[in-house]
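The residues making up each chain are set out below.
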Amino acid sequence: MGYIPEDTEWFVAELVMEITVQGAAQNVVDRNLTLVRATTPDEAHQKAEYWGHLGETSYNNPAGQLVEIRFRGISKLDAVIEDIEDGAEILCERIKGVPFDEVAGWIPPKERLEAFMSPPPFGVPTSPDTSSREV
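The following paragraphs examine the structure supplied in this document. (Residues numbered from 1 in each chain as written. Predicted model: local features only at pLDDT ≥ 70, side-chain atom pairs only at ≥ 80, totals over all residues. Heavy atoms only, no water.)

**Considering a nonpolar patch on the surface**
Then step 1. Together, Leu33, Leu35, Ile84, Ile90 and Leu91 make up an exposed nonpolar region whose accessible area comes to about 400 Å².
Then step 2. On the secondary structure map, Leu91 appears in the loop between strand 4 (66–80) and helix 2 (100–105). (Patch = residues over 30% accessible without salt bridge, like charges linked within 9 Å, V, L, I, M, F, W, Y side chains within 5 Å. Areas by Shrake-Rupley, 256 points an atom, 1.4 Å probe, with all protein chains shown as cover. Salt bridge = Lys/Arg side-chain N within 4 Å of Asp/Glu carboxyl O. Helix = DSSP H or I, 4+ residues; strand = E, 2+ residues; numbered from the N terminus.)

**Focus: the pattern of salt bridges**
Pairing between side chains of opposite charge can happen when the charged atoms of each approach one another.
Then step 1. Under the definition given, this model contains five salt bridges.
Then step 2. One salt bridge in this structure joins Glu9 and Arg37, with 3.3 Å as the shortest N-O distance. With Glu9 in the segment before strand 1 (10–21) and Arg37 in strand 2 (residues 28–37), the pair connects residues that are 28 residues apart, well separated along the chain.
Then step 3. In this structure, Glu93 and Lys76 form a salt bridge, with 3.3 Å as the shortest nitrogen-oxygen distance. Note that Glu93 is positioned in the loop between strand 4 and helix 2 and Lys76 in strand 4, a separation of 17 residues in sequence.
Then step 4. Among the residues examined, Glu93 registers a relative accessible area of 56% and is labelled exposed. (Buried < 20%, exposed > 50% of the residue type's maximum accessible area, 1.4 Å probe, protein only.)

**Comments concerning the layout of surface pockets**
Then step 1. In this structure, the second largest pocket encloses a volume near 160 Å³.
Then step 2. Of the residues assigned to the lining of the second largest pocket, the class counts are five nonpolar, one polar and four charged. (1 Å grid on protein atoms, 1.4 Å probe; cavity = no way out; pocket = protein on both sides within 12 Å on 5 of 7 lines; lining within 4 Å. Points joined across faces, edges and corners; volume = space filled by probe spheres on them. Nonpolar A, V, L, I, M, F, W, Y, C, P; charged D, E, K, R; others polar.)

**Quick word on the sheet that holds strand 4**
Then step 1. The antiparallel open sheet is built from four strands, whose spatial order is 2-1-4-3. The open sheet is flanked by strand 2 and strand 3 (57–60), the only strands paired with a single partner. Strand after strand, the sheet turns through a mean of 25° between neighbouring axes, direction not considered.
Then step 2. Taken together, the four bridges between strand 3 and strand 4 define a ladder with antiparallel strand orientation. By the bridge assignment, Tyr59 is partnered in strand 4 with Val67.
Then step 3. Set on the sheet, helix 1 (residues 41–54) makes contact with strand 1, strand 2 and strand 4; between it and strand 4 the angle comes to about 160°. (Pairing = 2+ DSSP bridges. Axes fitted to C-alpha atoms, helices over the stretch in contact; angles between N-to-C directions. Contact = heavy atoms within 4.5 Å.)

**Observations regarding the pairing of strand 4**
Then step 1. With twelve bridges joining them, strand 1 and strand 4 adopt antiparallel strand pairing. Note that in strand 4 the partner of Val21 across the bridge is Val67.

**Brief notes about the packing of aromatic side chains**
For any pair of aromatic rings, the description consists of the separation of the ring centres together with the inter-plane angle of the planes.
Then step 1. Scanning the entire structure with this criterion turns up one aromatic pair.
Then step 2. Between Tyr50 and Trp51 the ring centres are 5.1 Å apart and the planes differ by 65°, which places this aromatic pair in the edge-to-face class.
Then step 3. The exposure class of Trp51 is partly exposed, given its relative accessible area of 40%. (Phe/Tyr/Trp six-rings, centres within 6.5 Å; stacked < 30°, edge-to-face > 60°.)

**Observations concerning the side chain of Glu14**
Then step 1. Topologically, Glu14 is positioned in strand 1.
Then step 2. Separated by 3.0 Å, the side chains of Glu14 and Arg31 make a polar contact.
Then step 3. Not counting residues within four places of it along the chain, the set of residues in contact with Glu14 comprises Arg31, Asn32, Leu33, Gly73, Ile74, Ser75 and Lys76. (Polar contact = N/O pair within 3.5 Å; in protein donor to acceptor, adjacent residues only side chain to side chain.)

**What about the side chain of Asp129?**
Then step 1. Relative to the assigned elements, Asp129 resides in the segment after helix 2.
Then step 2. For Asp129, a relative accessible area of 14% puts it in the buried group.
Then step 3. A distance of 2.5 Å separates the side chain of Asp129 from the side chain of Ser131, its partner in a polar contact.
Then step 4. Among all residues touching Asp129, those that are not within four sequence positions of it are Val21, Asn61, Pro62 and Val67.

What follows is the structure, given as structure tokens:
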């Protein structure tokens, strides 16, 4: 964005978290959009790093494999310039020169939006299995 209004109270940070499972051939990366209450970019960056490190953990999955979640960094940090309320724009990404067909491909049917998708049945492991043995 580049423009930070004087009365800024909120920022949005994209925190990159890497999940590894002992013995698994691939990792899993989460890109978490996180609201951060701050009045300056430096304060927002410091708090976003705090939240990222706070999310680091390790545990055993049901197969006894070690699962580690590590904060890898902040991939986006921007001011929220509207008040946080219903319908407020939180983040804007402007991309130039995108063909119509590509834009259309970004819009899935309603039932494929995350909010409408069912989680996998309990006890059915994903690959790699990042579930906790404790749950």
